[in-house]
Amino acid sequence: MQVDLGAVAAVTQVTLNWEAAYARAFQIQVSGNGANWTTIHSATAATGGTQTLTVSGSGRYVRMYGTQRATAYGYSLWEFQVYGTGGAPITPPPLPPAPADPPRLVWSDEFNGAAGSRPDAAKWRPETGPGVNNELQYYTDNANAAMDGGGNLVMEARRQVTPGSACPPDPLSGGSTTCQYTSSRLNTYGRFSFTYGRVEARIKVSGTRGLWPAFWLLGADFFDQARPWPYVGEIDIMEHIGKEPSTVYSTIHAPAYFGAGGFGSPYTISGDFAAVFHVFAVDWNSKGMRFTVDGNVVHQVDRAQLEATRGPWVFDHPFFVILNNAVGGDWPGPPDATSVFPQRMLVDYVRVYR
């Protein structure tokens, strides 16, 4: 990894934000011409994560020169920060504005449409096709999402009458596949995205073995710039898996902590989450996040501590809202003989405050 400072500068600090593949041993080097290098720091037992190094040297170019891998996968830096004086620095963009205090309601859907009406197309777009993470459902073009007439959105997971029969045509490809289950996934991309604030929803989750309902946020650059996951960041406000009826999870994902290694916490009650509605929320700003269920704190993220122990924070840009009711997948596993269909995820409202 090499940084061009634009002109000769005095270098006083270097911060390395490693991904999972990091260097056990490396050197920080400077050069005036990009050809002849001087070592200003050596590490022989590095542990990855975020490393802030005090150094002393000068040059136009600064690089990390890896000399020993910690894993079989080379060297992978998410971010390489160089501090000092001189050179030709570029002023970093300012952080997005903080939410108001107290925050104001800026977007919502109360799902008060007539029974059988579809989600508001000005607020939601359906995602169609097969899911990810080895999920088993096929997401339809709102065939599985409708108002119940009582103030709720219903997202229904159904077992096909004839398992393996043709799924609805995919409007993107024009073709169709075979499937065992159909369900619904909605997002607000292109309708509403935001940075920081309080996001909450009142939801009654689906609850049989093999179900995976979720309420979450994804970085808008996933579509805006076609950036891959997990670089865009993911904020899981609520995930529930049917085989654990009393527990929900709140988790964040980024390049240095994602998938099973995401940073989060479970929250357990004495009953079944699928029995009644609960309010799931996150309060998010430039310094961290606080996740709650019915006002009870589930998980807290302190940005400074996260970057010192886990890896870089990637949550200072717009995100959009996602609701989905998945079937199967790596985490919940597939439905079995005890699973009951159809399964309904009910959403009373989604609200965003800033």
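Residues numbered from 1 in each chain as written. Predicted model: local features only at pLDDT ≥ 70, side-chain atom pairs only at ≥ 80, totals over all residues. Heavy atoms only, no water.

Participant: Give me the lowdown on the sheet that holds strand E16 (residues 234-239), citing residues and values where you can.
Facilitator: Sheet architecture is open: seven strands sit in the order E7-E13-E22-E15-E16-E17-E18, paired in antiparallel fashion. The sheet is open, and its two borders are formed by strand E7 (125-126) and strand E18 (263-268), each paired with just one other strand. The pairing of strand E13 (residues 185-187) with strand E22 (residues 319-327) spans three bridges and is antiparallel. Across the sheet, residue arginine 185 finds its bridge partner in E22, namely asparagine 324. (Pairing = 2+ DSSP bridges. Helix = DSSP H or I, 4+ residues; strand = E, 2+ residues; numbered from the N terminus.)

Participant: Can you lay out the nonpolar core for me, pointing to particular residues and giving the numbers?
Facilitator: In terms of nonpolar packing, the biggest core is built from 47 residues, with Phe215, Trp284 and Phe315 touching the most fellow members. By residue number, the principal contributor to this core is strand E23 (residues 343-353), which donates four residues. Ignoring sequence-local partners within four residues, the contact set of tryptophan 284 consists of Pro99, Phe194, Thr195, Tyr196, Gly197, Leu217, Ile235, Met289, Trp313, Phe315, His317 and Phe319. The next biggest cluster of nonpolar side chains, apart from the first, holds 21 residues, and it includes Leu5, Ile40, Ala46 and Val62. (Core = buried A, V, L, I, M, F, W, Y, C linked by side-chain atoms within 4.5 Å. Buried < 20%, exposed > 50% of the residue type's maximum accessible area, 1.4 Å probe, protein only. Contact = heavy atoms within 4.5 Å.)

Participant: Break down the sheet that holds strand E5 (residues 77-86) for me, citing the residues and quoting the values.
Facilitator: Sheet architecture is open: five strands sit in the order E3-E2-E4-E1-E5, paired in antiparallel fashion. Looking at the sheet topology across the chains shown, the edges are occupied by strand E3 (38-43) and E5. Across the sheet, the mean angle from the axis of one strand to that of its neighbour is 30°, orientation sign disregarded. The pairing of strand E1 (residues 2-18) with E5 spans nine bridges and is antiparallel. (Axes fitted to C-alpha atoms, helices over the stretch in contact; angles between N-to-C directions.)

Participant: Outline the pairing of strand E4 (residues 50-69), supporting the account with residue identities and numerical values.
Facilitator: Summarising the sheet, E1 and E4 pair through eleven bridges and their orientation is antiparallel. Within the sheet, the bridge partner assigned to glutamine 2 lies in E4 and is arginine 63. Here strand E2 (residues 23-31) runs beside E4; their pairing, made up of eight bridges, is antiparallel. Pairing of serine 31 across the sheet is with tyrosine 61, part of E4.

Participant: Explain the pairing of E16 to me, and be specific about the residues and the numbers.
Facilitator: Here E16 lies mainly inside the structure; six of its six residues are buried. In this structure, strand E15 (residues 211-219) lies alongside E16, joined through five bridges in antiparallel fashion. Counted as the bridge partner of alanine 214 is glutamate 239 from E16. Pairing geometry for E16 and strand E17 (residues 247-253), over four bridges, is antiparallel. In the strand pairing of E17, glutamate 234 is matched with histidine 253.

Participant: Quick one: what's the story with the confidence of the model for the chain, residue by residue and with numbers?
Facilitator: When pLDDT is averaged along the chain, the result is 92; 95% of the residues meet or exceed 70. A low-confidence stretch, residues 170-176 stays under pLDDT 50, and its non-local contacts, those more than four residues away or across chains, total eleven contacts. (pLDDT = per-residue confidence, 0-100.)

Participant: Let's hear about the environment of proline 245: which residues, and what values?
Facilitator: Structurally, proline 245 can be placed in the loop between E16 and E17. Assessed through its relative accessible area of 32%, proline 245 is described here as partly exposed. Beyond its immediate chain neighbours, meaning those up to four positions away, proline 245 contacts His240, Gly271, Asp272 and Phe273.

Participant: Break down the pattern of salt bridges for me, with residues and values.
Facilitator: Within the structure shown, the criterion is met by twelve salt bridges. Notably, a salt bridge pairs arginine 158 with glutamate 156, separated by 2.7 Å at the nearest N-O pair. Residue arginine 158 is classed as partly exposed on the basis of its relative accessible area of 30%. Arginine 202 serves as the salt-bridge partner of aspartate 348, at 3.0 Å between the closest nitrogen and oxygen. Placement of the pair is aspartate 348 in strand E23 and arginine 202 in strand E14 (residues 197-204), with a sequence separation of 146 residues. The exposure class assigned to aspartate 348 is buried, which follows from its relative accessible area of 18%. The structure contains a network of salt bridges with shared partners spanning Arg198, Glu200, Asp283 and Arg290. (Salt bridge = Lys/Arg side-chain N within 4 Å of Asp/Glu carboxyl O.)

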